[in-house]
Amino acid sequence: MTDRTPLLHYRLSCSITDADRLHHAPGTGGRDGSQVRSSGSRTQTPQAQKLSTFFGVVIPTLLSMFSVVVFLRIGFVVGQSGLYQTIGMFIVAYIIIGMTVLSVCAISTNGALDAGGAYYMISRALGPEFGGSIGIMFFLANVCGSALFVLGLVESIMDTFGVPQGTEAGLGSSIQVLPRTYWWEVLYGTSILLLCLLVCLVGAHIYAKATFIIFLIVLLALITIFISFFVVKPHKVTVPLLNGTGATTTANFTGFKLATLQENLMGDYTVDYTTGNMMSFATVFAVMFNGCTGIMAGSNMSGDLKTPSYSIPRGTITAVMFTYIIYNLLSVMVACTCDRLLLQRDYSFFQDINVWHPFVTIGVYSSTLSAAMSNLIGASRILYAMARDDLFGKVLAPAKIMSRSGNPWAAVLISWFLVQLVLFSGKLNTIAGIVAIFFMLVYAAVDLACLALEWASAPNFRPTFRYFTWHTCVLGIVGCGIMMFLINPIYASASIAFMLSLLVIIHYLSPTSSWGYISQALIFHQVRKYLLMLDVRKDHVKFWRPQVLLMVANPRSSVELIGFVNDIKKSGLYVLGHVELGDLDRLPSDPLQSRYDSWLTLVDKLNIKAFVNLTLADTIRHGAQHLLFISGLGGMRPNTMVLGFYDDCEPQDGLGEFAGSTIDTNLLVEEPQLNFPPLRRTAGGKALSMEDYVAVVSDSVKMLKNVALARYFSGFNRKEVLGRKAVYVDVWPLNLMRPDSSNYVDTCSLFLLQLACVLTMVRSWRQARLRLFLCVESGRSVQGPEEKLRQLLRELRIKADIHTVAWDSVVALHWHKQVGRKPEEELEMEEDFVNSFPSNATRISDDYLQAINRMILQQASEPAVRFLYLPRPPADTSLYHTYLRHLDIMTRDLGPTLLIHGVTPVTSIHL
């Protein structure tokens, strides 16, 4: 089974055993489709993927969102911002996370979801680059988040049981016996983390049971808080002053009073008594927003759920709605019963007004411990998913190891080790900001993934959850972005830069993925739209550019020519065309489909920007016609055909030469990925006759395509040529086979000049100097034609050196063979006649053509490439052989040469 049928592959492998399901889900194996198993996974069914919606999604999400904020920061938010602004903050915050929840629900219901949570969603939607970079950041966010909650629990324990320092006093216990030095606090944190590790090592099933017990404890603590508002009598509570001396004052728990509510309706920002910093809407909102994160806790358990696509949307939405209701109810209750001073000066006032003070302490400890375990197990699942996808090669290989029950214990240990390292930071505030920003970045990436899938309009994106649009995705991205910079602009900028760096690294280092790339779907969507807007009726000569179809018989002998044509395309369309001889009626299947991979690999290795178009035909000529008809789309169609020259030179294998220098060794002949046939060794092995070759040229001209014949490019060494001190490009714009024509400015001549100019505009060819050769006869004025040519070059903005060449002796050889015509007889000729091969071609002597050849060779300084005028093929097919023989004699031993025939205007002197 191949990666081309991932859904079928998934369904078939799911029918084997439940044990195989974890390994065979699409995209969850190695990137090459391989499966990773532990030694015992074949014989015993794993107990993973057995969690229900309530235990696997609702409870972890609830506890991660509550954490300590619900107990220690609700009063702070209401006391600083007032009830109106607090409710507004919760509305804004839940709109932001609500948009992300909608995106999570959409992606999770669009196909089989496996371990990795947000990483799995993003990587399968946006590709390995975004998936890997966001996966690393999500993993680090969970690692730091676990350490954050462990440190928060340590601080809470120290406030209750730690030995008082200075004027400090315990919050709720007279048993203050625990030492409070740095290393003791590290030891406490390590002990708590070991407890989390033991639970996570046992597996997700035990973790779900542990979190359920914690959930009951937290729920009981919340119930006692709500009951306390009604049953506890009004009383005074001791709160600290702001002078830092340890002095105290009193604040009131008033019970339900209208006056208390009216006092707490509006904002009253003051100094935070714990930090001494002046609070504002932004700073309070940032603190409050930490209580709204944690929405991905259920998604992190995707690999351990019975039905992830069913459980994640329902469980996450249920948990988010529940927390929103609880936060707003608590805010209203607090605003109605506690005066402003109590809210601003005592963050643990819930303990002071509770029917039984230890309930709140137990709730704080339980929720924090649960959040730490949730982040630890989430980090291990993300790490395991990335290791299994081989995004980072052997670096993460140990994280693939699993127990017989299906628990990735090695990933748990690695995550625990990193959390332990973070614990040495010792302070919660040092990592709180970056944790929140990392989570925001992941949420934004999830929204981006959903937005990309929606905009791509791919038929296979049809989630069963439809309560989202691209507007909700954009709103989620913008909201997360604003929140990141609101929390800490420096951390936000650094996080984005870090993510982009990871993206670039993974792009260049990771192997090709079989998951599919959303970028390709988006590009297709946009390209189709703009191709429809590209109206050929609005083409203008000012914006003409070469759009080339290069006919390639065998890439092994055409490597240098392929690279050279890539230089002259000037950002235009470039198509590599190949004709395979055969009759589809007599074949069981299309033989070309299996060869596209080799051609595309060649394009990648040569680092050229070209498309590949292969066709099957009974003759090469018919195949060339097919390619000219069908290549391109809309306004992007080839306007120039390039052919290799038809001669008896033995082809050279360019792939082997490149494999040893500029191309990867994957291009060696023995490698199956470049499955090209061996080169012919005899002239008789050609699949194209001489007559058909000229006929292909004639067909192209009839179809109004410019034609270029490339000769001697098999020995063209681009690096060596461009490494010379002086690089020349020679242009001979006269039809040398028609010396009776002195026309240097016909369509074909201007096309030669334009194409040579395009070559010198390429960055690597900019040091090349253009040389234009003007053939003159003695007795005629040179200044007139030369001055006209210079004026034309100025109007065309082309820099070129004009060289005059005396060719009296050459022309004399031509006239010597002519009958009834004298050299002084000037004729006014039509342009088609000038461009054409002379009808009296049989009278063009070999001596004349050899003289032209010598004249060209005698010019000082050998050029990098020559551009010569190609006359139009004769109408008489019996002259095809003579036409080609004349071209052969004229260009023999000239080095890299392009014989060009232009049929369309390509230059403009107007603005």
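That block above? That's the structure.
Residues numbered from 1 in each chain as written. Predicted model: local features only at pLDDT ≥ 70, side-chain atom pairs only at ≥ 80, totals over all residues. Heavy atoms only, no water.

(A) Inspection of the environment of Gly267 at higher detail. Locating Gly267 in the fold gives a position in the loop between helix H10 (258-263) and helix H11 (281-289). Given a relative accessible area of 35%, Gly267 falls into the partly exposed group. Separated by 14 residues in the primary sequence, Gly267 and Phe281 have C-alpha atoms spaced 9.0 Å apart. (Helix = DSSP H or I, 4+ residues; strand = E, 2+ residues; numbered from the N terminus. Buried < 20%, exposed > 50% of the residue type's maximum accessible area, 1.4 Å probe, protein only.)

(B) Geometry of the side chain of Ser380. Examined against the element boundaries, Ser380 turns out to sit in helix H16 (residues 358-388). Classification of Ser380 by relative accessible area gives buried; the value is 0%. Other than its neighbours up to four places away in sequence, Ser380 contacts Ala411, Val412 and Ser415. (Contact = heavy atoms within 4.5 Å.)

(C) Broad picture of a nonpolar patch on the surface. Taken together, the side chains of Ile213, Ile217, Ile223, Ile227, Phe230, Val231, Phe256, Val355, Trp356 and Ile362 make up a nonpolar region of the molecular surface, amounting to roughly 920 Å² of accessible area. Per element, the largest residue contribution to the nonpolar patch is 6 residues, and it comes from helix H9 (residues 204-231). In this structure, Ile227 sits in helix H9. When its relative accessible area of 40% is taken as the criterion, Ile227 is described as partly exposed. (Patch = residues over 30% accessible without salt bridge, like charges linked within 9 Å, V, L, I, M, F, W, Y side chains within 5 Å. Areas by Shrake-Rupley, 256 points an atom, 1.4 Å probe, with all protein chains shown as cover. Salt bridge = Lys/Arg side-chain N within 4 Å of Asp/Glu carboxyl O.)

(D) Local environment of the pairing of strand E6 (residues 640-644). With 4 of 5 residues buried, E6 is to be regarded as a mostly interior element. For E6 and strand E7 (residues 706-711), the ladder comprises 5 bridges, and the chain directions are parallel. Residue pairing across strands places Leu643 opposite Leu709, the latter belonging to E7. (Pairing = 2+ DSSP bridges.)

(E) Fine view of helix H7 (residues 128-161). Spanning 34 residues, H7 covers 48 Å between terminal C-alpha atoms, matching the ideal 50 Å at 1.5 Å per step. For H7, the tally of buried residues reaches 29 of 34 residues, placing the bulk of the element in the interior. (Expected span 1.5 Å × (residues − 1).)

(F) Spatial organisation of the state of the cysteines. Scanning the entire structure with this criterion turns up 0 disulfides. The thiol sulfur of Cys336 is not disulfide-bonded, and the nearest other cysteine sulfur, from Cys338, lies at 9.8 Å. Looking at Cys336, the relative accessible area reads 12%, which means it is buried. (Disulfide = S-S within 2.5 Å.)

(G) Highlighting the packing of aromatic side chains. Tallied over the full model, the rule gives 27 aromatic pairs. With 5.7 Å between their ring centres and 70° between their planes, Trp544 and Phe751 make a pair best called edge-to-face. Highlighted residues: Trp544 in the loop between helix H21 (518-533) and strand E3 (548-551) and Phe751 in helix H28 (residues 747-761), separated in sequence by 207 residues. For Phe751, a relative accessible area of 1% puts it in the buried group. (Phe/Tyr/Trp six-rings, centres within 6.5 Å; stacked < 30°, edge-to-face > 60°.)

(H) Spotlight on the sheet that holds strand E4 (residues 574-581). Here 10 strands make up an open sheet; going across it, the order is E5-E4-E3-E6-E7-E12-E11-E8-E9-E10 and the pairing mixed. Taken across any chain shown, the strands that pair with only one partner, and hence form the sheet edges, are strand E5 (611-617) and strand E10 (801-806). Across the sheet, the mean angle from the axis of one strand to that of its neighbour is 25°, orientation sign disregarded. As paired elements, strand E8 (residues 728-732) and strand E9 (residues 769-776) share 4 bridges and run parallel to each other. Each bridged residue has a counterpart across the sheet, and for Tyr728 the counterpart in E9 is Arg769. Along the sheet, helix H32 (residues 846-857) contacts E8, E9, E10 and strand E11 (865-869); its crossing angle with E11, the most-contacted strand, is approximately 145°. (Axes fitted to C-alpha atoms, helices over the stretch in contact; angles between N-to-C directions.)

(I) Representation of the packing of H7 against helix H17 (residues 409-423) in the model. Between H7 and H17, the shortest axis-to-axis distance is 9 Å and the interhelical angle comes to 55°. Here H7 lies oblique to H17, going by the angle between them. H17 is crossed by H7, and the crossing has right-handed handedness. Residues Phe139, Val143, Cys144, Ser146, Ala147, Val150 and Leu151 of H7 touch H17, and the partners they reach there are Ser415, Leu418, Val419, Val422 and Leu423. When the residues that make up the contact of H7 with H17 are grouped by side-chain class, the tally is 10 nonpolar, 2 polar and no charged. (Parallel < 35°, antiparallel > 145°, perpendicular 65-115°, else oblique. Left-handed = near helix turned anticlockwise from the far one by under 90°. Nonpolar A, V, L, I, M, F, W, Y, C, P; charged D, E, K, R; others polar.)

(J) Structural detail: the pattern of salt bridges. Inspection of the entire model under this criterion finds 12 salt bridges. Among the ionic pairs, Asp567 bridges to Arg718, the shortest N-O distance being 2.8 Å. On the criterion of sequence distance, the pair formed by Asp567 in helix H22 (residues 559-568) and Arg718 in helix H27 (residues 718-722) is long-range, its members being 151 residues apart. In this structure Asp567 comes out as buried when scored by relative accessible area, which is 8%. For Arg718, a relative accessible area of 29% gives the class partly exposed. One salt bridge in this structure joins Arg771 and Asp730, with 2.7 Å as the shortest N-O distance. Of the two residues, Arg771 is situated in strand E9 and Asp730 in strand E8; the sequence distance between them amounts to 41 residues.

(K) Fine view of the pairing of E4. When you tally the buried positions in E4, you get 7 out of 8 residues, the bulk of the element. In the sheet, E3 pairs with E4 via 4 bridges, with the strands oriented parallel. Along E4, the bridge assignment pairs Leu549 with Val575. Crossover E3 to E4 through H22 is right-handed. Pairing between E4 and E5: 7 bridges, direction parallel. Directly across from Glu580, in E5, lies its bridge partner Leu616. (Right-handed = clockwise from strand over helix to strand, strands pointing away.)

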